[in-house]
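Coordinate analysis (summary)
This is what each chain is made of:
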Amino acid sequence: MNRLFWGLFFMTLDFHLNLGSVRLGLLPDFVGYCLLMKGMEELAEESKYFNRGRHWAFGLTLLHGILYGADLLDLDSGSTVLLWFAALAGFGAGMYLLYQMIAGIRQMEENHRWDLQGEKLKTMWMIETVMGVISHLLSWMPLVSAFAALAGTVTAICLLAAMYGTRKRYREVIDE
């Protein structure tokens, strides 16, 4: 569960350093997806969702590694249509991966009669997904896109906080 939290941490928080025309991501998404993949491998016996999700995490690790390289080479995903579609596909696949992770957590709750805040995670995921879709699809409308992106970011941070609570509760029930 620890790797799932840290993977989500890397995916959620985006800090960049601009060095001339090069954009360096300080918390790269591909590292987050790699951590999610490892975390899902650890929990694969708990739920079919974790087993399914780890394959998606591998693909997203590769995709976001390429997008990270595109940023380093100063290829802007907003100006290159192919990279825009790749980013949109990556977003959709990332939301599907998070769905698999949350469904796995909810199945663990059901199987073991634990309270890991699965319903809260699902609600935050739904809001973040809707805001992300609005932000991506309406990126040509800067004001609407900016507000949707801001709402998505706030929700993503709330999802991260809820995942921290899930991680903490999981540790408590495992240590009992």
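Bear in mind that the values here come from a model prediction, so they are computed numbers and not experimental data.

**A look at the overall build of the chain**
Per the secondary structure count, the chain includes 6 helices and 2 strands. What you see in the chain, going N to C, is helices and strands ordered as α-β-β-α-α-α-α-α. Its C-alpha radius of gyration of 16 Å places the chain within 12% of the 16 Å reference for a compact globule of 176 residues. Projected onto its principal axes, the C-alpha positions of the chain cover 50 × 30 × 25 Å. Per-residue burial over the chain gives 41% buried out of 176 residues. When contacts within the chain are restricted to residue pairs at least 6 apart in sequence, long-range pairs at least 24 apart make up 69% of them. Across the chain, the mean location of the 14 positive side-chain charges is 4 Å away from that of the 17 negative side-chain charges.

**A short note on the confidence of the model for the chain**
Summary statistics for the chain give a mean pLDDT of 87 and a share of 94% for residues scoring 70 or more. Confidence, read as mean pLDDT per element, is least for strand β2 (residues 22–25) in the chain (72) and greatest for helix α2 (residues 29–42) (95).

**Observations regarding the side chain of Thr12**
As for its position among the elements, Thr12 is in helix α1 (residues 2–12). Exposure remark for Thr12: the relative accessible area of 15% places this residue in the buried category. Only 2.7 Å separates the side chain of Thr12 from the backbone oxygen of Leu8, close enough to count as a polar contact. With residues up to four places along the chain from it excluded, the contact list for Thr12 reads Ala156, Ile157 and Leu160.

**So, unusual backbone geometry**
With a phi close to 60°, Arg113 is a non-glycine residue in the positive phi region. Its location among the elements puts Arg113 in the loop between α4 (81–112) and α5 (118–137). Note on Arg113: relative accessible area 75%, which makes it exposed. Its identity as a non-glycine residue notwithstanding, Gln117 has a phi of 65°, on the positive side. Relative to the helices and strands, Gln117 resides in the loop between α4 and α5.

**Observations concerning the pattern of salt bridges**
Taken as a whole, this structure holds 4 salt bridges when the rule is applied. For Arg3, the salt bridge goes to Glu42, with nearest N and O atoms at 3.0 Å. Note that Arg3 is positioned in helix α1 and Glu42 in helix α2, a separation of 39 residues in sequence.

About the thresholds
Residues numbered from 1 in each chain as written. Predicted model: local features only at pLDDT ≥ 70, side-chain atom pairs only at ≥ 80, totals over all residues. Heavy atoms only, no water. Helix = DSSP H or I, 4+ residues; strand = E, 2+ residues; numbered from the N terminus. Rg over C-alpha atoms; globule rule 2.2 N^0.38 Å. Buried < 20%, exposed > 50% of the residue type's maximum accessible area, 1.4 Å probe, protein only. Contact = heavy atoms within 4.5 Å. Lys, Arg positive; Asp, Glu negative; His and termini not counted. Charge placed at Lys NZ, Arg CZ, Asp CG, Glu CD. pLDDT = per-residue confidence, 0-100. Polar contact = N/O pair within 3.5 Å; in protein donor to acceptor, adjacent residues only side chain to side chain. Salt bridge = Lys/Arg side-chain N within 4 Å of Asp/Glu carboxyl O.

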